[in-house]
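Descriptive analysis of the structure
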Amino acid sequence: MAKFKIHVDQETCIGCGACTATCPDHFEMQETANGDRAREKKAETDDLACAKDAAEVCPVNAIHIKEGEKKII
Ligand code: F3S
């Protein structure tokens, strides 16, 4: 089982695309009724650096990463 859980809060995401540009391995855009929004490609990963970089560039802090129950970002 991978170590880190990734979640994009689509209610908060404004569809700027910074996460997919920063870490395309873990994030992709999808069309929704509210416009394009990001989603995680994988719900879990061992590659924290890529996912964390994406979370840090998100202007609205829509990306959340946990290690077990502990919140990383
Ligand atoms: Fe959305 Fe933030 Fe990515 S606004 S598109 S989750 S960088």
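Please refer to the structure placed before this passage.
This text gives an overview of the structure that appears in the document. Within every chain, residues take consecutive numbers counted from 1 along the sequence as written. pLDDT decides what is reported in this predicted model: residues at 70 or higher carry local features, side-chain atom pairs at 80 or more are listed and counted, and totals for whole chains, interfaces and linings draw on all residues regardless. Note that the side-chain values use all heavy atoms of the structure and ignore hydrogens as well as water.

With that settled, the discussion passes to the state of the cysteines. Simply put, the disulfide is a covalent bond whose two ends are the sulfur atoms of two cysteines. Pairs of cysteine sulfur atoms within 2.5 Å are what we label disulfides. As enumerated under the stated definition, the model contains 1 disulfide in all. Across the disulfide, cysteine 23 is cross-linked to cysteine 50 (sulfur-sulfur distance 1.9 Å). Taking the sign of the torsion about the S-S bond as the criterion, the disulfide between cysteine 23 and cysteine 50, at about 115 degrees, is right-handed. In this pair, cysteine 23 sits in the loop between helix H1 (18-22) and strand S2 (27-32) while cysteine 50 sits in helix H2 (residues 48-57), placing the two residues 27 residues apart along the sequence. Classification of residues uses two cut-offs on accessible area relative to the type maximum, computed with a 1.4 Å probe and protein chains only: under 20% is buried, over 50% is exposed, and between them is partly exposed. The exposure class of cysteine 23 is buried, given its relative accessible area of 0%. A relative accessible area of 17% places cysteine 50 in the buried class. Cysteine 16 carries a free sulfur, and the closest cysteine sulfur to it, the one in cysteine 58, is 5.8 Å from it. Judged by its relative accessible area of 48%, cysteine 16 falls in the partly exposed class. Under the scheme used here, helices are H or I runs from DSSP no shorter than 4 residues and strands are E runs no shorter than 2 residues, and both carry numbers assigned from the N terminus.

Turning next to empty space enclosed by the protein. Of the grid points, spaced at 1 Å and generated over the protein atoms alone, those admitting a 1.4 Å probe that cannot get out make up cavities, while open sets with protein on both sides within 12 Å along at least five of seven lines make up pockets; any residue with an atom within 4 Å of a point is treated as lining. Grid points are joined across faces, edges and corners, and a volume is the space filled by probe spheres set on the points. Applying the stated criterion across every chain yields a total of 1 cavity of 30 Å³ or more. There is about 80 Å³ of room inside the largest cavity. Note on residue categories: nonpolar means Ala, Val, Leu, Ile, Met, Phe, Trp, Tyr, Cys or Pro, charged means Asp, Glu, Lys or Arg, and polar means any other residue, Gly included. Its residues placed into classes, the lining of the largest cavity shows 12 nonpolar, 2 polar and no charged.

Next up on the list: the sheet that holds strand S6 (residues 70-71). Only strands joined by at least two bridges in the DSSP assignment are considered to pair. As summarised here, the arrangement of the 4 strands in space is S4-S1-S5-S6, forming an open sheet in which the pairing is antiparallel. Looking at which strands have only one partner, the edges of the open sheet turn out to be strand S4 (44-45) and S6. As paired elements, strand S1 (residues 4-8) and S4 share 2 bridges and run antiparallel to each other. Among the inter-strand pairings, phenylalanine 4 is bridged to a residue of S4, identified as threonine 45. The strands touched by H2 within the sheet are S1 and strand S5 (63-67), with S5 carrying the most contacts at an inclination of about 145 degrees. By definition in these notes, contact holds between two residues if any of their heavy atoms fall within 4.5 Å. All axes here are fitted lines through C-alpha atoms, helices being fitted over the stretch that makes contact, and every angle between N-to-C directions spans 0 to 180 degrees.

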